[in-house]
Amino acid sequence: MTHQQELQTQLDAEILVPAQWPGRASQAAPPPLPRSVPRPVPVPVPVQPGHRFLIYKQDPSVTELGARLTYIPTVVLNGPMDVRVQTELQGVTPVARNISGDFVFTPGTPQFDCAHTFAVVRETIAMYERHNGGVPIPFAWNVGGNTERITVFPHAAEGANAFYTRTAKALKFLFFTPKGQPPSNVLFTCQSLDIVAHETGHAILDGLKPGWLSADAPPQTGGLHESFGDITAIFLALAQPDQADALVSLTKANLHDRSFLAELAEQFGKALGMPSGLRNADNDLKLSEVGNEVHAISQVFTGAVYDILADLYTFELSRQQRTKDAAVVLIETASALCKLVFDAIVASPATGARYVDVANKMLQASANRGDPAVYRTFIRNRFAVREITTAATPLRDLMSGQMAMTEAAYTGDGQDVTEVEPHDENSASLLASQDRSRCCGTMQMPEYQVIPEEKLARGGSLEDDDILRSQLDELRSTFS
Ligand SMILES: [Zn+2]
């Protein structure tokens, strides 16, 4: 081969051979590959690390939901403890996070109970903070720059009860062995999401309205406190997508079907021989049927709110079912109603609030935010049929099952009014003394019975001596 031929061969080899020349392709050397520079695209990370908690979604007896992981997106230290909440269980706390920063423990252990109780309290607080525009809600003692936490006692003492106490700045969950059960079958009230959410609701409402827990107030004011706890449990369940989805499937999107949502504190109720939980939000009680017994009075308000929720869901589902999943519609509807109740409570009087006050504030808040008129029709109807308010919208269509549930502008032949009157100004639920004998432990606390309403309403910490004040004053004058 001449030098010229050699050069030509080299040149031929370097020419890029087009694909349609298969005969030449085998002779061509592969083109040099571009050298890759290793520069991975950065992954966006959460602004702050959160934690996984294993919790009971309802309570140990509600097996269709069981125990599942939940995500707490804020910083939680060993305890568990964060900026608002700390946990206390002698010999067990502080409970430490695992290597991944998570609080995952075996159900039935005290560590699990600490993690579960903390997580449910934290989620309840977070839900109301969302409705408060992301602004933290003070506990009753958080005045004048005080930032003291609330302390959660998952196994506070033996007893079939649970309570919130401002004096101890604490939520206390008791435990007991139900009658007829072997001593090993201990029922821990902290293991119920409903009970923990209920008591946390008392703490939050005492921060918002420090005068409302006073036993000097009308029975309806006490009823608002007790009901707020139950409503909190319902709204907290519906703020959790897996619970909302399970509920929609279980009930075929009918909230009046029997379910874990309306039945509150199921395990506790069964232990006391009550087949539908300790309370049933889907009830038909009217004010004329409950006298001055605060727990029953609370069920009237809870029942009205539950019925409004079911009405709104029927309306919103028919309006949105072609564009949204039924569980998503339920989560959004419940959140919108929770916000309405929250705003109405914030706007209600500082002392002696009545159901009609909250109902009117709900009507006004609904109109102000531009809800369809049928929202107000549902609210007016459900409070009127419970004998809480006068009926501005005729109840004829509701009572005969002719309500136009899917018509946005429906007001019957009534008007879209946002101010109604109490049904009966002489109701025992307004005028009598509060009978708190069947309420939860919070309402039984002496601090709310003997400390004067105006002192409670000012907010701030309470001391044991505040409870004994009148007796101390008496002693002082005796000893002087
Ligand atoms: Zn209560």
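Residues numbered from 1 in each chain as written. Predicted model: local features only at pLDDT ≥ 70, side-chain atom pairs only at ≥ 80, totals over all residues. Heavy atoms only, no water.

- By the naming in an unreviewed UniProt entry, the protein is Peptidase M4 C-terminal domain-containing protein, taken from Actinomadura coerulea.

**Considering the coordination of the zinc ion**
1) Next: In the first shell of the zinc ion, the protein supplies H198 (NE2), H202 (NE2), E226 (OE) and C440 (SG), at 2.0 to 2.2 Å from the metal.
2) Next: Here the zinc ion binds 4 donor atoms, and the angle range of 90 to 120° at the metal identifies the geometry as tetrahedral. (Donors = N, O, S within 2.8 Å, 3.2 Å for Na, K, Ca; no water. Tetrahedral: all angles 85-135°; square planar, octahedral: opposite > 155°, others 65-115°.)

**Overview of the packing of helix 3 (residues 110–131) against helix 5 (residues 219–238)**
1) Next: Packing of helix 3 against helix 5 leaves a shortest axis separation of 11 Å and a crossing angle of 95°. The angle between helix 3 and helix 5 falls in the class roughly perpendicular. Of helix 5, the residues touching helix 3 (which contributes V120, E123, T124, M127 and Y128) are F228, T232, F235 and L236.
2) Next: Partitioning the contact of helix 3 with helix 5 into residue classes produces 6 nonpolar, 2 polar and 1 charged. (Axes fitted to C-alpha atoms, helices over the stretch in contact; angles between N-to-C directions. Helix = DSSP H or I, 4+ residues; strand = E, 2+ residues; numbered from the N terminus. Parallel < 35°, antiparallel > 145°, perpendicular 65-115°, else oblique. Contact = heavy atoms within 4.5 Å. Nonpolar A, V, L, I, M, F, W, Y, C, P; charged D, E, K, R; others polar.)

**Points about the pattern of salt bridges**
1) Next: The tally for this structure, following the rule as stated, stands at 21 salt bridges.
2) Next: Close ionic contact of R52 with D102 constitutes a salt bridge, the shortest N to O distance being 2.5 Å. Taken together, the positions of R52 in strand 1 (residues 51–56) and D102 in the loop between strand 3 (85–87) and helix 3 put the pair 50 residues apart, joining distant regions of the chain.
3) Next: Residue class for R52 comes out partly exposed when judged on its relative accessible area of 44%.
4) Next: R376 is the salt-bridge partner of D416, the closest N and O atoms lying 2.7 Å from each other. Taken together, the positions of D416 in the loop between helix 12 (396–399) and helix 13 (428–431) and R376 in helix 11 (residues 373–385) put the pair 40 residues apart, joining distant regions of the chain.
5) Next: Accessibility expressed as a relative area gives 5% for R376, which makes it buried.
6) Next: Each of D307, D311, R382 and R386 takes part in salt bridges that share partners, so that together they form one network. (Salt bridge = Lys/Arg side-chain N within 4 Å of Asp/Glu carboxyl O. Buried < 20%, exposed > 50% of the residue type's maximum accessible area, 1.4 Å probe, protein only.)

**Some details on the nonpolar core**
1) Next: Grouped together as the largest cluster of nonpolar side chains are 120 residues, with contacts concentrated most on F53, Y164, L255, L337, M362 and F383.
2) Next: Considering each element in turn, this core owes the most residues, 15 residues, to helix 8 (residues 294–320).
3) Next: Leave out the neighbours within four places in its chain, and L255 touches L247, L261, D282, Y306, L309, A310, Y313 and L330. (Core = buried A, V, L, I, M, F, W, Y, C linked by side-chain atoms within 4.5 Å.)

**Observations concerning a negative patch on the surface**
1) Next: Taken together, the side chains of E419, E421, D424 and E425 make up a negatively charged region of the molecular surface.
2) Next: Considering the arrangement of structural elements, one finds E425 in the loop between helix 12 and helix 13.
3) Next: Exposure remark for E425: the relative accessible area of 52% places this residue in the exposed category. (Patch = residues over 30% accessible without salt bridge, like charges linked within 9 Å, V, L, I, M, F, W, Y side chains within 5 Å. Areas by Shrake-Rupley, 256 points an atom, 1.4 Å probe, with all protein chains shown as cover. Lys, Arg positive; Asp, Glu negative; His and termini not counted. Charge placed at Lys NZ, Arg CZ, Asp CG, Glu CD.)

**Description of the packing of aromatic side chains**
1) Next: Under the criterion given, the structure shown has 11 aromatic pairs.
2) Next: Judged by centre distance (4.7 Å) and plane angle (20°), the rings of F53 and F103 are stacked. Of this pair, F53 sits in strand 1 while F103 sits in the loop between strand 3 and helix 3; the two residues are 50 residues apart in sequence, bridging distant segments of the chain. Summarising the burial analysis for this pair, F53 and F103 share the class buried.
3) Next: An aromatic cluster of at least three residues, connected via ring pairs, comprises F53, F103 and F118. (Phe/Tyr/Trp six-rings, centres within 6.5 Å; stacked < 30°, edge-to-face > 60°.)

**A few points about the packing of helix 5 against helix 8**
1) Next: Viewed as axis vectors pointing N to C, helix 5 and helix 8 meet at an angle of 45°, and their least axial separation amounts to 7 Å. As summarised for this structure, helix 5 and helix 8 are arranged oblique, according to the angle between their axes. Judged by the twist between their axes, the crossing of helix 5 over helix 8 is right-handed. Residues P219, Q220, G222, G223, L224, E226, S227, D230, I231, I234, F235 and L238 of helix 5 pack against V294, I297, S298, F301, T302, V305, Y306 and L309 of helix 8.
2) Next: Its residues assigned to classes, the contact of helix 5 with helix 8 comprises 12 nonpolar, 6 polar and 2 charged. (Left-handed = near helix turned anticlockwise from the far one by under 90°.)

**Thoughts on helix 5**
1) Next: Between its first and last C-alpha atoms helix 5 spans 28 Å; for 20 residues at 1.5 Å apiece the expected length is 28 Å, and the two agree.
2) Next: A large share of helix 5 lies buried, amounting to 20 of its 20 residues. (Expected span 1.5 Å × (residues − 1).)

**Description of the sheet that holds strand 5 (residues 162–165)**
1) Next: Taken together, 4 strands build an open sheet; the order of strands is 3-4-6-5 and the sheet is mixed. Looking along the sheet, the strands with just one partner apiece sit at the ends: strand 3 and strand 5. Direction aside, the axes of adjacent strands within the sheet are offset by 15° on average.
2) Next: Of the pairings in the sheet, the one linking strand 4 (residues 150–153) to strand 6 (residues 170–173) comprises 3 bridges and is parallel in character. Looking across to strand 6, one finds that F153 is bridged to K172.
3) Next: Lying on the sheet, helix 3 is in contact with strand 3, strand 4 and strand 6; it crosses strand 3 at an angle near 170°.
4) Next: Helix 4 (residues 193–208) contacts strand 4, strand 5 and strand 6 of the sheet and is inclined by roughly 20° relative to strand 5. (Pairing = 2+ DSSP bridges.)

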